[in-house]
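Below, each chain spelled out in residue letters.
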Amino acid sequence: MSWGTELWDQFDNLEKHTQWGIDVLEKYIKFVKERTEIELSYAKQLRNLSKKYQPKKNSKEEEEYRYTSTRAFLATLNEMNDYAGQHEVISENMTSLITGELTRYVQELKQERKSHFHDGRKAQQHIETCWKQLEASKRRFERDCKEADRAQQYFEKMDADINVTKADVEKARQQAQLRHQMAEDSKAEYSSTLQKFNSEQHDHYYTHIPNIFQKIQEMEERRIVRIGESMKTFAEVDRQVIPIIGKCLDEITKAAESIDHKNDSQLVIEAFKSGFEPPGDIDFEDFTQPMKRTVSESSLSNSRGDGKSEPKFGGKSKGKLWPFIKKNKPPPPPPASASPSAVPNGPQSPKQQKEPLSHRFNEFMTSKPKIHCFRSLKRGLSLKLGAGPEDFSNLPPEQRRKKLQQKVDELNKDIQKEMDQRDALTKMKDVYIKNPQMGDAASVDHRLAELGQNIEKLRLEVQKFEGWLAEVEGRLPLRTDQARRQSGLYEGQNTAAVNSCAQDRESSPDGSYTEEQSQETEMKVPATEFDDEFDDEEPLPTIGTCKALYTFEGQNEGTISVAEGEMLYVIEEDKGDGWTRIRRNEDEEGYVPTSYVEVYLDKNAKDVYKSLQKISE
C-alpha cells in the first residue's frame, strides 16, 4: 500500500497527520526527560539518606561500629550509596541515548517534512497553473468561435440585401473569413494546451504526487520505528542496571547474614568489663556492746586497709607533689639573660611570690570529705571537657588496660614512622655526601635533629604509658564489699562527687548524722586511710613537655636537678615568678628556672588546667 496511490487526494490530511506524529514524539521526549529528573532526585535523596546515617568522624558512633549489627548497617548504607549511583546511571543513559538523540531527530524530521510538503505544494501550484492556462485557452476558443459565427451571419445578411453596395458585402465577407481564421487558431491552441495539461495532470497524479507522498510515508514510518526503538532503549537502560542493583541487594543480604549475636555479646563484655569481682557476703555487725561500736571488715575504714601489711600513722612516704599539699617554693631564678654559671646553688631569701594552683588549693583541701569532692569534681570536669586523665585512671581496670595498650601501640607506630623518615633522610644525606652535585648534605641536618627530638619525646611517652600499663597489669582486682557497691562511680563522674562526699559522713543509729559524729568517726579510722586517699589520687596531669637548655643543680628545697638536653614533662607553667614545675617520673618532681628550659605546651591539657584553675579561684 502506498500513500501516493491510495491517498492521492489527501494532501491536507497527511500534513495534519505528520504534524501530529511529531507532537507525539516531542511528548515522549518530555516524558523521558521528566523520568530522568525523577531518577536524579531519587538518587540524591538516597545519597543524602545514606550520608545522614553515616558515623561521624572522631565521635562515639565510630566505636559503636565494631559490633556486627552496626557494621551490617554501615554496609547497608554503603550499598544504598551504590544503589543511588545506579539510578544516576539510568538518568545519564536515558538523557544521552533517548532524550538527546530524539531531540536531534525531531529537528531533522521537521526539516524533512517541511521539504516534502514544500515539494507537494509546488506540484499542486504547477498543476493549478496548467489548469488555468487550459481554461483561458478554452474560453478564448469559445469566444473566437462565437465571433466567427456572428461574422458569418452578418455576411450572409449583407449578401442577401440588394440595397447594400458590393463593397460593403465584400467587407463583410473578409471580416467573416478573419473571424473563422481566428477561431481555427484558438482551436489549435486550445487543443495543444489541453494535450499539455492532460500530460501534466497525468504526471502530477501518477508520478510527482505519488513520489512525494511515498517520501512522506517513509518519513512517518521512520518516525514510528524510531519511537519504538527509543521505548526499547528505555527498557534496556533499566535492565542493564538490574544486575548491579541485584548485587547491591545481595551485599545487603550478605551483611545481614554476617550479624553474629554471640560476637556482639562478647564485645559488650570486652567494652564494659570492669575487672572487679562481685561483692561477697556482708558480715554481721554486733551492736549489743554499748561501749564499743564494731566496725566490720567490709566498712569504709577497713576497705582501705585491705592488703596493707602494717598501718601507717605518719605522712606520705612517697615523693609525689599532690595538688593539695603545700610545699616550700624555691627562691626566684636568675634573670633570663643571666648565664648558667650565675645560678645560685645556696639558699636565698624568699620573697613574696604568686602561689601556683596547687598552693592556692591548700585551704580548700583541709578536710577529707572535701578531698573526695574535689577529686570527683575534677574527674567530672575532665570528662565533660572531653579530656580525661592522661593515664585513664577514671576507667575501670580492664578498660584502663585496653586504653593504655592502645595508646602504647599508637605511640610505637608513630615512633616507627619517625624512624623510617630518619632512615630515609640518612640515606639521602649519604647520597649527598658522595655526590655533592645532587644536593647539600647539611640541608637535612635540621630535619634529622627534629626527628631525633620527636623520637625521644615519643619514647618518653611510651615509657610513661608502659609504666602505667605494668602497674595496671600487676594490680590485683581486689575490692571490699563497700567499695564494690560504689562501682557506679565510673558511670557518672558528676554524680560521683555527691556520693563520694556522702560516704565520708558516718550516720547515727537513728538515721541522722552530725559534724561531730563525722569527725569522731574519722578519728577512729587509722592514719593509713588518709594516706590511701593520696595513693588513689592521680598526680597532676602533664600539660606539655620541655627540654633543658642548661644544666641546673637543684639544691634548694622544692627544686629538681636537670641535665642539658634532657626531656621532661611540664605539670605547672610559669605563673610569673620565673619558675616552672616539671616531672621526670612518678616520684621525681620539682621546680626549675623557666629560662633554663624550652617549654612545649599541649593545648588541650592547658585548657583543662585553666578550667581547674578557675574552679579553685
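Here the residue index of a chain counts from 1 through its sequence in written order. Residues qualify for local features only when their pLDDT is at least 70, as the model is predicted, and side-chain atom pairs are given and counted only at 80 or more; totals for whole chains, interfaces and linings, by contrast, use all residues. To obtain the side-chain values, all non-hydrogen atoms of the structure were included, while hydrogens and water were left out.

Participant: What is the right way to look at the pattern of salt bridges in this model?
Facilitator: It is possible for side chains of opposite charge to pair when their charged atoms get near one another. Definition used for salt bridges: Asp or Glu carboxyl oxygen within 4 Å of a side-chain nitrogen of Lys or Arg. The final tally for this structure, using the stated rule, is 24 salt bridges. Where E572 meets R581, a salt bridge forms, and the shortest distance between an N and an O atom there is 3.6 Å. R581 shares its class with E572; the two are buried. Each of E572, R581, R583 and E589 takes part in a single network of salt bridges with overlapping partners. Relative accessibility thresholds used throughout: buried, under 20% of the residue-type maximum; exposed, over 50%; partly exposed, between the two (1.4 Å probe, protein chains only).

Participant: Is there a simple way to think about the sheet that holds strand 3 (residues 579–585) in this case?
Facilitator: Backbone-to-backbone hydrogen bonds join strands into a sheet, with any given pair of strands oriented parallel or antiparallel. Strands qualify as paired when DSSP identifies two bridges or more between them. Strands here mean DSSP runs of E at least two residues long; helices mean DSSP runs of H or I at least four residues long; both are numbered from the N terminus. Taken in spatial order, the five strands of this open sheet run 4-3-2-1-5, and their pairing is antiparallel. Every interior strand has two partners, whereas the edge strands, strand 4 (588–593) and strand 5 (597–601), have only one. Pairs of neighbouring strands in the sheet enclose a mean axial angle of 40°, with direction left out of account. Where helix 11 (residues 445–474) meets the sheet, it contacts strand 1 (544–548), strand 2 (567–572) and strand 5, and its direction lies at approximately 65° from that of strand 2. Only the stretch in contact is used when a helix axis is fitted, and all axes are lines through C-alpha atoms; the angle between N-to-C directions ranges over 0 to 180 degrees. Contact definition: two residues touch when any of their heavy atoms are within 4.5 Å.

Participant: Would you mind showing me how to read the pairing of strand 1 here?
Facilitator: Counted residue by residue, strand 1 has four buried out of five residues, so it is predominantly covered. In this structure, strand 1 lies alongside strand 2, joined through four bridges in antiparallel fashion. Bridged to K547 within strand 2 is M567. For strand 1 and strand 5, the ladder comprises five bridges, and the chain directions are antiparallel. Directly across from K547, in strand 5, lies its bridge partner E598.

Participant: It is not clear to me how helix 11 should be interpreted in this structure. Could you clarify?
Facilitator: Two residues of an α-helix separated by three or four positions point the same way, owing to the 3.6 residues in each turn. To estimate the expected span of a helix, subtract one from its residue number and multiply by 1.5 Å. Between the first and last C-alpha of helix 11 there are 43 Å, a value that for 30 residues agrees with the 44 Å anticipated at 1.5 Å per step. By the burial criterion, the buried members of helix 11 are L448, L451, I455, L458, L460, E461, V462, K464, F465, W468, L469 and V472. Looking at the packing, one finds that the buried side of helix 11 touches helix 10 (397–434) and strand 2.

Participant: Teacher, can you tell me more about the packing of helix 10 against helix 11 here?
Facilitator: Any two packed helices are characterised by how steeply their axes cross, that is the angle between the axes, and by the distance between the axes. Look at helix 10 against helix 11: their axes get within 9 Å of each other, and the N-to-C directions meet at 160°. By the criterion of interaxial angle, the relationship of helix 10 to helix 11 is roughly antiparallel. Between helix 10 and helix 11 lies a crossing whose hand is left-handed. Just so you know the grouping, Ala, Val, Leu, Ile, Met, Phe, Trp, Tyr, Cys and Pro go in nonpolar, Asp, Glu, Lys and Arg go in charged, and all remaining residues, Gly too, go in polar. When its residues are assigned to classes, the contact of helix 10 with helix 11 shows 16 nonpolar, five polar and 13 charged. Should an angle fall under 35 degrees it is called roughly parallel, over 145 degrees roughly antiparallel, and 65 to 115 degrees roughly perpendicular, with every other angle called oblique. Each crossing gets its handedness from the near helix: less than a right angle anticlockwise from the far helix is left-handed, clockwise is right-handed.

Participant: So what exactly am I meant to see when it comes to the nonpolar core here?
Facilitator: As a rule of thumb, nonpolar side chains are buried together in soluble globular proteins. The set of buried Ala, Val, Leu, Ile, Met, Phe, Trp, Tyr and Cys residues whose side-chain atoms join them within 4.5 Å is what this entry labels a nonpolar core. L25, Y28, M94, I98, F213 and I216 are the most contacted members of the largest nonpolar core, which totals 31 residues. Mapped onto this core, the elements with two or more residues apiece are helix 2 (11–52), helix 4 (68–160) and helix 5 (166–257). A per-element tally of this core places helix 4 first, with eleven residues.

Participant: Could you clarify how one ought to interpret the packing of aromatic side chains in this entry?
Facilitator: The description of two aromatic rings rests on the distance between their centres and on the angle between their planes. Two rings from Phe, Tyr or Trp (for Trp, the six-membered ring) form a pair when their centres sit within 6.5 Å of each other. Planes less than 30 degrees apart are called stacked, planes more than 60 degrees apart edge-to-face, and all others tilted. According to the stated counting rule, one finds twelve aromatic pairs in the structure shown. When the centroid spacing of 5.2 Å and the interplanar angle of 90° are considered together, the rings of W8 and Y205 count as edge-to-face. Here W8 is found in the loop between helix 1 (3–6) and helix 2, whereas its partner Y205 is found in helix 5, with 197 residues between them in sequence. W8 sits in the partly exposed class, given a relative accessible area of 40%. Using a relative accessible area of 30% as the deciding quantity, one classes Y205 as partly exposed. With centroids separated by 5.6 Å and ring planes inclined at 35°, the aromatic side chains of F31 and F234 adopt a geometry described as tilted. Residue F31 is located in helix 2, and its partner F234 is located in helix 5; the two are separated by 203 residues in the primary sequence. On the basis of relative accessibility, which here comes to 17%, the residue F234 falls in the buried class. Taken together, the ring pairs connect Y550, F552, W579 and Y596 into an aromatic cluster.

Participant: Teacher, can you tell me more about the packing of helix 4 against helix 5 here?
Facilitator: Two elements in contact, helix 4 and helix 5, have axes separated by 6 Å at closest approach and are oriented at 170°. Here helix 5 runs roughly antiparallel to helix 4, going by the angle between their axes. Its residues assigned to classes, the contact of helix 4 with helix 5 shows 46 nonpolar, 19 polar and 23 charged.

Participant: Even after reading the chapter, I still don't get the side chain of S137, so can you show me in this structure?
Facilitator: Examined against the element boundaries, S137 turns out to sit in helix 4. Judged by its relative accessible area of 2%, S137 is buried. Nitrogen and oxygen atoms within 3.5 Å of one another constitute a polar contact, given that in protein one can donate a hydrogen and the other can accept it, and given that sequence-neighbouring residues count only through two side-chain atoms. A polar contact of 3.1 Å, which involves the side chain of S137, links it to the backbone nitrogen of Y190.

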